[in-house]
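Residue-level structural notes
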Amino acid sequence: MIQAPKGTFDVLPADAERRALVERTARRVLGAAGYQRIETPTFESTELFSRGVGEATDIVQKEMYTFDDGGGRSLTLRPEGTAPVCRAYIEHGMHRLPQPVKLWYLSTFFRAEAPQRGRYRQFWQVGAEAIGSAGPDSDAELIVLLAELLEALGVKGTRLRIASLGTPATRAEYRVELTGYLRARADALSPEARSRIELNPMRAFDATDPGTREVMREAPKLIDRLAPDDAEHFAAVRELLDGAGLRYELDPTLVRGLDYYTRTLYEFTSDALGAQSGVGGGGRYDGLIEQLGGPPTPGSGWAAGVERILLSGSEQPIAPDPVDLFVALPRLDSGSARAAFELAREARRAGLSAQLELAGRSLKGQLKHADRIGARYVAIVNEIGDSTLKEMASGEQHELALVAVIPAILRGDRL
Ligand code: AMP
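Residues numbered from 1 in each chain as written. Predicted model: local features only at pLDDT ≥ 70, side-chain atom pairs only at ≥ 80, totals over all residues. Heavy atoms only, no water.

Looking at the sheet that holds strand S15 (residues 386-391)
The five strands lie next to each other as S13-S12-S14-S15-S16, forming an open sheet whose pairing is mixed. Among the strands making up the open sheet, the edge pair consists of strand S13 (354-356) and strand S16 (397-401). Across this sheet, the average inter-strand angle for adjacent strands is 25°, counted without regard to direction. Pairing of strand S12 (residues 323-328) with strand S14 (residues 375-383), which is carried by five bridges, proceeds in the parallel orientation. Paired with Val-327 across the strands is Ala-379, a residue of S14. In the packing of helix H13 (residues 363-372) onto the sheet, the strands contacted are S12, S14 and S15, and the crossing angle to S12 comes to about 170°. (Pairing = 2+ DSSP bridges. Helix = DSSP H or I, 4+ residues; strand = E, 2+ residues; numbered from the N terminus. Axes fitted to C-alpha atoms, helices over the stretch in contact; angles between N-to-C directions. Contact = heavy atoms within 4.5 Å.)

Some details on the nonpolar core
Residues Leu-178, Leu-182 and Met-216 are the most contacted members of the largest nonpolar core, which totals 46 residues. Of all elements in the fold, only helix H2 (46-52), helix H3 (58-62), helix H4 (82-91), strand S5 (101-110), strand S6 (122-131), helix H6 (168-184), helix H8 (210-217) and helix H10 (288-291) reach the threshold of two or more residues within this core. Among the elements that take part in this core, H4 stands out by supplying five residues, more than any other. The residues touching Leu-178, leaving out its near neighbours within four places in the chain, are Pro-201, Met-202, Phe-205, Met-216, Ala-219 and Pro-220. Counting 36 residues, the second-largest nonpolar core is a separate cluster that includes Ala-128, Leu-149, Ile-162 and Ala-304. (Core = buried A, V, L, I, M, F, W, Y, C linked by side-chain atoms within 4.5 Å. Buried < 20%, exposed > 50% of the residue type's maximum accessible area, 1.4 Å probe, protein only.)

Let's talk about the pairing of S16
Sheet faces and side chains relate simply in a regular strand, where the side chains alternate between the two faces. Here five bridges tie S15 to S16, and the two strands are oriented antiparallel to one another. When the bridges of S16 are listed, Ser-387 appears paired with Leu-400.

Digging into helix H9 (residues 228-243)
Given a rise of 1.5 Å per residue, 16 residues ought to cover 22 Å, and the 22 Å separating the end C-alpha atoms of H9 matches this to within 8%. Taken together, the buried positions of H9 are occupied by Asp-230, His-233, Phe-234, Val-237 and Leu-241. Looking down the long axis of H9, one finds its buried residues gathered within 95° of arc, a one-sided arrangement. Those residues of H9 that are exposed and aimed more than 90 degrees away from the buried face are Pro-228, Glu-232, Glu-239 and Gly-243. Looking at the buried positions of H9, the neighbouring elements they touch are helix H5 (136-152), strand S7 (158-164), H6, strand S8 (249-250), strand S9 (262-270) and strand S10 (278-284). Residue Gly-245 follows H9 closely and has a positive phi angle near 75°. (Expected span 1.5 Å × (residues − 1). Arc of directions from axis to C-beta.)

Considerations on the site of the ligand
Around the ligand, a shell composed of 15 residues is seen, among which Arg-111, Glu-113, Tyr-120, Arg-256 and Val-279 lie nearest. Residue Arg-111 places a side-chain N or O atom 2.8 Å away from an oxygen atom belonging to the ligand. With respect to the ligand, the side chain of Glu-113 contributes an N or O atom lying 2.7 Å from a nitrogen atom. Surface burial for the ligand is 91%, taken as the share of its 490 Å² of free accessible area covered by protein chains. For the shell around the ligand, the elements supplying multiple residues, two or more each, are S6, S10 and strand S11 (299-305). (Near = heavy atom within 4 Å. Polar contact = N/O pair within 3.5 Å; in protein donor to acceptor, adjacent residues only side chain to side chain. Areas by Shrake-Rupley, 256 points an atom, 1.4 Å probe, with all protein chains shown as cover.)

Considerations on the packing of H5 against H9
The N-to-C vectors of H5 and H9 enclose an angle of 40°; their axes lie 8 Å apart at closest approach. When the axis of H5 is compared with that of H9, the two are oblique. Between H5 and H9 lies a crossing whose hand is right-handed. Only His-233, Ala-236, Val-237, Leu-240 and Leu-241 of H9 make contact with H5, whose side of the interface consists of Pro-136, Asp-137, Asp-139, Ala-140, Ile-143 and Val-144. Grouping the amino acids of the contact of H5 with H9 by side-chain chemistry returns eight nonpolar, one polar and two charged. (Parallel < 35°, antiparallel > 145°, perpendicular 65-115°, else oblique. Left-handed = near helix turned anticlockwise from the far one by under 90°. Nonpolar A, V, L, I, M, F, W, Y, C, P; charged D, E, K, R; others polar.)

Okay, structure coming up:
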């Protein structure tokens, strides 16, 4: 038996309804703030991600689905959405548009990770980017919009953590300082933390063993090393969040798996999720567009995982779409089959939802099916030009000329 590949899943009709709600809500919340939809290709030049996301990141090192397109070009299934949106911004000369250019997307992404609950190899993200604005207000607006989206979708137990990364130069200096601090205390660190001192010293902040934690308590924090204008920018973001009444925790050890972030960084987690508690996050990426070959352009944005939103959201069942009319056929002769086909089609053209009997059931079976799908009316097509219209709620029925069926339903006639 052929099964879906490991780490992937089918979206069955019942799930599709809840996903459609995520999309409608994103359109409403983000659209109201002037964000417009963008979609980029499912695969891109591998170089876009190695340059954009960062050669040393886990994503680029271990998690990309990369293939040769047969013509000697290396392509990669997109692992994230910001680099592609920035590529599109540059490619379409969007710097000539009024700034910032505010975009949102809802797409599939691909990462070769070990699958578990809330972590898949193909997953969906809804994301928003504001490109061309350097101000703290654009960061704060993005954070508020993500909070609103999560709230509107009933995501429970959310917590927001924020930090500032400053500039790449500040970060590089800080890294030297932290590496030196860890080297001097290497004996007290866990073997794992010790092995990462040179490659990824920040990871020591996530350690759980007592020895490493003890060392990290006194470790220098990036947030205390910010240049004055970066610190000012961060203070302004926080002031706007405070004004908006948004609760957050300052987390000087916050790290995210992408290299392009500068200044503001944030993450929403949900207590309703297990180990994979991140619902969405993002930050500012002022150097990215230039790094990808565009003009120096600031930018800021976030992405949230649709599966995590659904896992931590309210389980309220979504009412199925109403069915106004079910067209039943007591006998399968070609004349009434055609009349039934035409009636369903006419009904849909008149703006009603209408379904046709397609399985050759008995009349009794057809009425049972109409009830199961919640049809308001059933039109039983007796002969060409003649029908019985039944109102399912009352069980009442009347003989009616076929041409009178649709007007009766449009008027909402009680039978
Ligand atoms: P990131 O692009 O890594 O910042 O991830 C943003 C959000 O996407 C996370 O907070 C998750 O909600 C979601 N996400 C990331 N990776 C996965 C994955 N492998 N499976 C499902 N959701 C994911």
